Amino acid sequence: MDSSPIDLLKEHLPVEQDSVVLSGDVKTGLVLVDVVNGFCTVGAGNLAPRQPDKQIQDMVDESVRLARVFCNKNWPVFAFLDSHHPDVPEHPYPPHCIVGTDEAKLVPALEWLEKEPNATLRAKDCIDGFIGSMEKDGSNVFVDWVKSNRIQAILVVGICTDICVLDFVSSALSARNRGLLAPLEGVIVYSRACATFDIPVDVAKMAKDLTAHPQDLMHHIGLYLAKGRGAKVASEVLFGA
């Protein structure tokens, strides 16, 4: 029996994943990447799922669970919201998450975060949230959040595993390695709380302007590359006393 492409990929590019237990011993912050309608809510926009998507829904559910626990414990939360000006396109993507539209808002299950005192929301106009956190004066909202909260580890979740999540994680790790994010040490990517979009190969072949993007394959590749950059990949996130 022939192996499926995803089985072959996992065999040749394995991603070691561990359970992670979070406790108050290590100051940990939760980073939500683009859990907005424009990427997660069916029919919400050009880059939203066209039909219910289990991987994306599971990501949203786990993100909500984690956000609730973090807020109940008064642990810091940082949420990126993809947000673009209509006159500034983001090549190669079609218009999406335009400022002021529902696409650029948190999914309904996370709207309560807007009023949470320990949650910092950051609208970003580029793929990489680290770059999107930079201000005109040279300061960086994410860097300031890490330093002001004395965060030692971040737990990263969201969408897309292989695009916005990966780019942010890569930049955060590079900044950490340069000593720009002290006291941050650990960067954890939680695989069950990450997702990406799905364009099967057969669908892409029938459409003129589509590029194939098989969901499970690209999700795995995103995790593989994040681990290669130095992130820890978690298969499960639990909370200790």
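Below is a summary of the structure that appears in this document. The structure presented is a predicted model; accordingly, all values stated were derived computationally and were not measured. (Residues numbered from 1 in each chain as written. Predicted model: local features only at pLDDT ≥ 70, side-chain atom pairs only at ≥ 80, totals over all residues. Heavy atoms only, no water.)

**Notes on the environment of Val-64**
Applied cut-off: The secondary structure listing takes helices from DSSP runs of H or I that are at least 4 residues long and strands from runs of E that are at least 2 residues long, numbered from the N terminus. Exposure categories follow from relative accessible area, calculated using a 1.4 Å probe and restricted to protein chains: below 20% of the type maximum is buried, above 50% is exposed, and the middle band is partly exposed.
Looking at the element boundaries, Val-64 is found in helix α3 (residues 54-72). Residue Val-64 is classed as buried on the basis of its relative accessible area, which comes to 16%. Here the alpha-carbon distance between Val-64 and Cys-40, two residues 24 residues apart in the chain, equals 13 Å.

**So, the pairing of strand β2 (residues 28-33)**
Short version of the rule: Note on pairing: two strands pair once DSSP finds at least 2 bridges between them.
Of all six residues in β2, six are buried; the element is thus mostly enclosed. Burial along β2 is two-sided: Thr-28, Leu-30 and Leu-32 and Gly-29, Val-31 and Val-33, pointing in opposite directions, are all buried. Two strands pair when backbone bridges link them, and β2 and strand β5 (residues 153-159) are joined in this way by six bridges, in the parallel orientation. When the sheet's bridge partners are listed, Gly-29 is paired in β5 with Ile-154. Two elements, β2 and strand β3 (residues 77-82), share four bridges in a ladder whose sense is parallel. Within β3, the position partnered with Leu-30 by the bridge is Val-77.

**Regarding the packing of aromatic side chains**
The criterion, for reference: Only Phe, Tyr and Trp rings are paired, with Trp represented by its six-membered ring, and only when their centres lie within 6.5 Å; those with planes under 30 degrees apart are stacked, over 60 edge-to-face, the remainder tilted. A ring is considered to have a charge above it if a Lys NZ or an Arg CZ atom is located within 6 Å of its centre and within 35 degrees of its normal.
The full count for this structure, using the stated rule, is 10 aromatic pairs. With centroids separated by 6.1 Å and ring planes inclined at 45°, the aromatic side chains of Trp-75 and Phe-239 adopt a geometry described as tilted. Here Trp-75 is found in the loop between α3 and β3, whereas its partner Phe-239 is found in strand β7 (residues 232-239), with 164 residues between them in sequence. Overall, the relative accessible area of 11% leaves Trp-75 in the buried class. Counting every residue linked through ring pairs, the aromatic cluster contains Phe-78, Phe-80, Phe-130, Phe-142, Trp-145 and Phe-168. The ring of Trp-112 carries the charged tip of Arg-68 above its face, separated from the ring centre by 3.9 Å.

**What to know about the sheet that holds β3**
Formally: Axis angles are defined between N-to-C directions and span 0 to 180 degrees, where every axis is a line fitted to C-alpha atoms and, for a helix, only to the segment in contact. The contact rule is simple, with two residues in contact once any of their heavy atoms fall within 4.5 Å.
Read across the sheet, seven strands follow the order β1-β7-β6-β5-β2-β3-β4 without closing on themselves; strand pairing throughout is parallel. Two strands in the sheet have a free side with no partner beyond their single neighbour: β1 (18-22) and β4 (119-124). For this sheet, the mean angle separating the axes of adjacent strands, direction not counted, is 35°. In this structure, strand β6 (residues 186-195) lies alongside β7, joined through three bridges in parallel fashion. Bridging from a neighbouring strand, Val-189 pairs with Val-233 of β7. In the packing of helix α6 (residues 161-177) onto the sheet, contacts are made with β2, β3, β4, β5 and β6, and the angle to β5 comes to roughly 160°.

**Remarks on the side chain of His-96**
Here is the rule: We call two N or O atoms a polar contact when they sit within 3.5 Å, provided that within protein one can donate a hydrogen and the other can accept it, with sequence-adjacent residues counted only if both atoms are side-chain atoms.
Its location among the elements puts His-96 in the loop between β3 and β4. A polar atom in the side chain of His-96 sits 3.1 Å from the side chain of Asp-82. In this structure the side chain of His-96 is engaged in a polar contact, spanning 3.1 Å, whose partner is the side chain of Glu-90. For His-96, the contacting residues outside a window of four places in its chain are Phe-39, Leu-47, Asp-82, His-84, Glu-90 and Glu-103.

**A word on helix α8 (residues 215-229)**
Put simply, the test is: One less than the number of residues in a helix, times 1.5 Å, gives the span that helix is expected to have. An arc is given here, and it is the one of the directions from the helix axis to the C-beta atoms.
The first and last C-alpha atoms of α8 sit 21 Å apart over 15 residues, in line with the 21 Å expected at 1.5 Å per residue. Turning to α8, its buried residues number three or more, namely Gln-215, His-219, His-220, Gly-222, Leu-223 and Ala-226. Taken down its axis, α8 places every buried residue within 155° of arc, on the same side. Where α8 is buried, its residues contact α1 (5-12), α3, α6, β6 and β7. Two residues or fewer past α8, Gly-230 is found with a positive phi of approximately 120°.

**Some points on the packing of α6 against α8**
Applicable threshold: Geometric relationships in this document are graded by angle, where less than 35 degrees denotes roughly parallel, more than 145 denotes roughly antiparallel, 65 to 115 denotes roughly perpendicular, and other angles denote oblique. Residue classes follow a fixed rule: Ala, Val, Leu, Ile, Met, Phe, Trp, Tyr, Cys and Pro count as nonpolar, while Asp, Glu, Lys and Arg count as charged, and any other residue, Gly among them, counts as polar.
Packing of α6 against α8 brings their axes to within 9 Å, and their N-to-C directions diverge by 5°. Overall, the two elements α6 and α8 adopt an arrangement that is roughly parallel. Judged by residue contacts, Thr-161, Asp-162, Leu-166, Val-169, Ser-170 and Leu-173 of α6 engage Met-218, His-219, Gly-222, Leu-223, Leu-225, Ala-226 and Arg-229 from α8. The residue makeup of the contact of α6 with α8, split by class, is seven nonpolar, four polar and two charged.

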